[in-house]
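# Coordinate analysis (summary)
The lines below spell out each chain.
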Amino acid sequence: MAVLKGPIEIRILIFACVMFFSLNVHIHGFYLPGVAPQDFQIGDALMVKVNKLTSTKTQLPYSYYSLPYCRPEKIVDSAENLGEVLRGDRIENSPFVFKMRESQMCAAVCRVKLDKKSAKALKEKIADEYRVNMILDNLPLVVPVQRPDQDNVVVYQHGFHVGLKGIFVGKKEEKYFIHNHLTFTVRFHRDIQTDSSRIVGFEVKPFSVKHEYEGQWNEKTRLSTCDPHTKRAVTNSESPQEVEEGNEIIFTYDVDFQESEVKWASRWDTYLLMADDQIHWFSIVNSMMIVLFLSGMVAMIMLRTLYRDISNYNQLETHEEVLEETGWKLVHGDVFRPPENPDLLCVYAGTGVQCFGMILVTMIFACLGFLSPSNRGGLMTAMLLLWVFMGLLAGYASSRLHKTLRGTEWKKIALQTAFMFPATVFVAFFVLNAIIWGQKSSGAVPFGTMFALVVLWFGISVPLVFIGGYIGFRRPALEEPVKTNKIPRQVPVQAWYMNPVFSVLIGGILPFGAVFIELFFILTSIWLHQFYYIFGFLFIVFIILIITCAEITVVLCYFQLCSEDYQWWWRSYLTSGSSAVYLFLYAAFYFYTKLEITKLVSGILYFGYMLIVSYVFFVFTGAIGFYACFWFTRLIYSSVKID
């Protein structure tokens, strides 16, 4: 793409950039968690917040208070950004209130008597292995687990299970038990000079205990199973609390404060500990080998064949060399003939540029640490906002290509660019959201948020696409290096390996091969609810993916032109874009081998979301391949004098 030089275009771009940053500040200014540390003095109140209930078996989040847990006097929702709402986060206050550096033992929260409905809800959540998520000072609650294969290595699991299933000795019937006693550990780093403390860890060990007491229950009732006066603490679940209609459940907790040498700035390091970095380096090396192989192919074409052929074009060499190396020159009069459905190609090329800009800037911000896990929902919020503002590039790229292909209806192209891809994704998202809403899950996006998305789309993205389209169409069309014949040349019969379907599918293998190892970790973080914060590795893989898509498409385009087939426009887009087919197939493989999803609704959600991701990947990689071939064909034909 050419650099904008006109004064009008520059003013428009400056205005769009100012709008972008001002909106970004407005949205993030009121809620940017995890950035500034908070100091606590001894005795200061620590408010524990509760988040959604999650399960890797159903992928349907639910509100914490959808189960019969103890409630505060008034439930207050925390401020949530756009990304948190789309992720299904529902952050609310809780009855758990700690005091800084003041340990508690067997603190009773409340007593709940189960009715038929609440007992059924608890059993369903226990059977589906739901986990309870809590937050303290923006740190998520984790359960430390010793790795059986490595000594002295502790991994952290998000949240604790609602309960567990088991069988009493001598009985065959399976029972459900709830974790009603929580032993919290709050780790803090103390400032020696001020004696203030900063929270650096929030852990829990859940237990199921059938509490016992004498007399009538009241707030001052002493439990015989857990009593701070007699120093009797809960250390196991040997006498678990069964979930049945009519049973009463007493919820209790302990909290212990432990001083830590970990500083506040490093408190996320234990959560993000990467024990398998060798696999990521293997992924990088594997991808680099693919890049080196393709780079060698491109170098051979450019140096050995093209440049020698161009320099000696008017000097006939041997008959064999002419037959071997001049096939691509025979189609010089047709190679820049506009393809079938040129408008659709322009729309997809512009949308691909929009995706590329969104992903590139997101990667840069993530590598700089702006999208760390401490900023929940920040990644998704950033991607949505960047997508909206990258509409300027989409309109520019599609209209500029449309004019190059001798088109005159830039408004029509801008309209299709603004609506075709986003409308497809929005309809799919709306259908999936309706399914989630039908399951009464907190993951369903509220109407207000859906309206906000529509406002971002129609109010910002669509106008920016038209502004970009106006700028792009005002730019002069790119001149063709060679003239196009009036009568199309007949394409000769192609060899079987040059069949369009075969060559397109072959072209998608190498780009997918460059990213599939990292793709495993991304899918694991999304669907198994684990942290993903290795954006440095991901950025390297991203660069390798771009190079691979460009090089494999250029190589196959060269072979196609040598076979006297000049219909390269759409094939160049589909060649690298076909890697999305392998991404979706790998997602299906991951579903059947790594996930334990059994419900039909959950399976529909998984494949629906992965279909959207694959579609985005297709548009993104397809645009890379197309523009690489666009540059390649212009380069080689502009270097040859055609008689």
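Cut-off values and rules
- Residues numbered from 1 in each chain as written.
- Predicted model: local features only at pLDDT ≥ 70, side-chain atom pairs only at ≥ 80, totals over all residues.
- Heavy atoms only, no water.
- Helix = DSSP H or I, 4+ residues; strand = E, 2+ residues; numbered from the N terminus.
- Buried < 20%, exposed > 50% of the residue type's maximum accessible area, 1.4 Å probe, protein only.
- Contact = heavy atoms within 4.5 Å.
- Areas by Shrake-Rupley, 256 points an atom, 1.4 Å probe, with all protein chains shown as cover.
- Core = buried A, V, L, I, M, F, W, Y, C linked by side-chain atoms within 4.5 Å.
- Salt bridge = Lys/Arg side-chain N within 4 Å of Asp/Glu carboxyl O.
- Expected span 1.5 Å × (residues − 1).
- Phe/Tyr/Trp six-rings, centres within 6.5 Å; stacked < 30°, edge-to-face > 60°.
- Pairing = 2+ DSSP bridges.
- Axes fitted to C-alpha atoms, helices over the stretch in contact; angles between N-to-C directions.
- Parallel < 35°, antiparallel > 145°, perpendicular 65-115°, else oblique.
- Left-handed = near helix turned anticlockwise from the far one by under 90°.
- Nonpolar A, V, L, I, M, F, W, Y, C, P; charged D, E, K, R; others polar.
- Polar contact = N/O pair within 3.5 Å; in protein donor to acceptor, adjacent residues only side chain to side chain.
- Arc of directions from axis to C-beta.
- Patch = residues over 30% accessible without salt bridge, like charges linked within 9 Å, V, L, I, M, F, W, Y side chains within 5 Å.
- Disulfide = S-S within 2.5 Å.

### Topic: the overall build of the protein chain
Across its full length, the protein chain holds 16 helices and 13 strands. Residues classed as buried in the protein chain amount to 50% of the 643 residues present. By sequence separation, contacts in the protein chain at least 24 residues apart represent 81% of the contacts at least 6 residues apart. For the protein chain, the accessible area works out to roughly 31600 Å², and carbon and sulfur atoms hold 62% of it.

### Quick word on the nonpolar core
In this structure, Leu561, Trp568, Trp569, Tyr606, Phe620, Phe626 and Tyr637 are the most contacted members of the largest nonpolar core, which totals 91 residues. Top contributing element to this core by residue count: helix H16 (residues 600–638), with 15 residues. Once residues within four sequence positions are removed from consideration, Tyr637 is found in contact with Trp328, Lys329, Val331, His332, Val335, Phe336, Pro481, Val482 and Leu561. Phe40, Cys110, Val243 and Leu432 belong to the second largest nonpolar core, which has 55 residues in total.

### Re the pattern of salt bridges
All chains considered together, the criterion is met by 20 salt bridges. Each of Arg101, Arg190, Asp195 and Glu259 takes part in one network of salt bridges that share partners.

### Looking at helix H7 (residues 378–389)
Between its first and last C-alpha, H7 extends 16 Å over 12 residues, near the 16 Å set by a 1.5 Å rise per residue. Regarding H7, the residues found buried are Gly378, Thr381, Ala382, Leu385, Leu386, Trp387, Val388 and Phe389.

### Quick notes on the packing of aromatic side chains
Summed over the entire model, instances satisfying the criterion amount to 53 aromatic pairs. Note on Tyr62 and Tyr130: the rings are 5.8 Å apart at their centroids and 65 degrees apart in plane angle, and the pair reads as edge-to-face. Here Tyr130 lies in the loop between helix H3 (116–127) and strand E4 (131–136) and Tyr62 lies in the loop between strand E1 (45–54) and helix H2 (82–87), a separation of 68 residues in the sequence. Looking at Tyr130, the relative accessible area reads 2%, which means it is buried. An angle of 85 degrees between the planes, with centres 5.6 Å apart, marks the rings of Trp496 and Tyr497 as edge-to-face. The exposure class of Trp496 is exposed, given its relative accessible area of 63%. Residue classification places Tyr497 among the partly exposed residues on the basis of a relative accessible area of 46%. One aromatic cluster in this structure is built from Trp527, Phe584, Phe591, Tyr592, Tyr606 and Phe607.

### Overview of the pairing of strand E12 (residues 197–207)
Where burial is concerned, most of E12 is hidden: nine out of the 11 residues are buried. Pairing between strand E11 (residues 181–190) and E12: 10 bridges, direction antiparallel. By the bridge assignment for E12, His189 is matched with Arg198. Between E11 and E12, which pair antiparallel in sequence order, lie six residues; one of them, Asp195, sits at a positive phi of approximately 65 degrees.

### Describing the packing of helix H13 (residues 535–562) against helix H14 (residues 569–577)
Relative to each other, H13 and H14 sit at 135 degrees, their axes nearing to 9 Å. When the axis of H13 is compared with that of H14, the two are oblique. The way H13 lies across H14 gives a crossing that is right-handed. Side by side, H13 and H14 meet where Cys549, Thr553, Leu556 and Gln560 of the first sit next to Arg571, Ser572, Thr575 and Ser576 of the second. Its residues placed into classes, the contact of H13 with H14 shows two nonpolar, five polar and one charged.

### Thoughts on the environment of Tyr348
Its location among the elements puts Tyr348 in helix H6 (residues 342–367). We classify Tyr348 as buried; its relative accessible area is 15%. Placed 68 residues apart in sequence, Tyr348 and Gln416 show a C-alpha to C-alpha distance of 9.5 Å. A distance of 2.8 Å separates polar atoms of two side chains, one belonging to Tyr348 and the other to Tyr615.

### Side note on helix H11 (residues 500–507)
Turning to H11, its buried residues number three or more, namely Ser503, Val504 and Gly507. Buried residues of H11, seen end-on, are gathered within an arc of 100 degrees and therefore sit on one face of the element. For H11, the N-terminal capping position is held by Asn499, with its side-chain oxygen 3.0 Å away from the main-chain nitrogen of Val501.

### Structural notes on the environment of Phe96
Mapped onto the elements of the fold, Phe96 is located in strand E2 (residues 92–99). For Phe96, a relative accessible area of 6% corresponds to the buried category. Sequence separation of Phe96 and Ala108 is 12 residues, and the distance between their C-alpha atoms is 9.9 Å.

### Considering a nonpolar patch on the surface
A contiguous nonpolar surface patch, about 530 Å² in accessible area, is contributed by Trp496, Tyr497, Phe502, Ile506 and Ile509. Inspection of the secondary structure assignment puts Ile509 in helix H12 (residues 509–527). Owing to a relative accessible area of 38%, Ile509 belongs among the partly exposed residues under this scheme.

### What to know about unusual backbone geometry
Of note in the backbone geometry, Asn341 takes a positive phi value of approximately 50 degrees without being a glycine. Note on placement: Asn341 falls in the loop between helix H5 (319–325) and H6. Of the residues examined, Asn341 reaches a relative accessible area of 53% and is grouped as exposed. Even without being a glycine, Lys440 presents a positive backbone phi close to 55 degrees. Mapped onto the secondary structure, Lys440 falls in the loop between helix H9 (410–438) and helix H10 (447–474).

### Regarding the state of the cysteines
For the structure on display, the rule yields two disulfides. At a sulfur-sulfur separation of 1.8 Å, the disulfide partner of Cys70 is Cys110. Across the S-S bond of Cys70 and Cys110 the torsion is about -85 degrees, and the bridge reads as left-handed. Of this pair, Cys70 sits in the loop between E1 and H2 while Cys110 is found in strand E3 (residues 104–113), placing the two residues 40 residues apart along the sequence. Take Cys70: its relative accessible area is 6%, and that puts it in the buried class. Under the relative-accessibility criterion, Cys110 is labelled buried at 18%.

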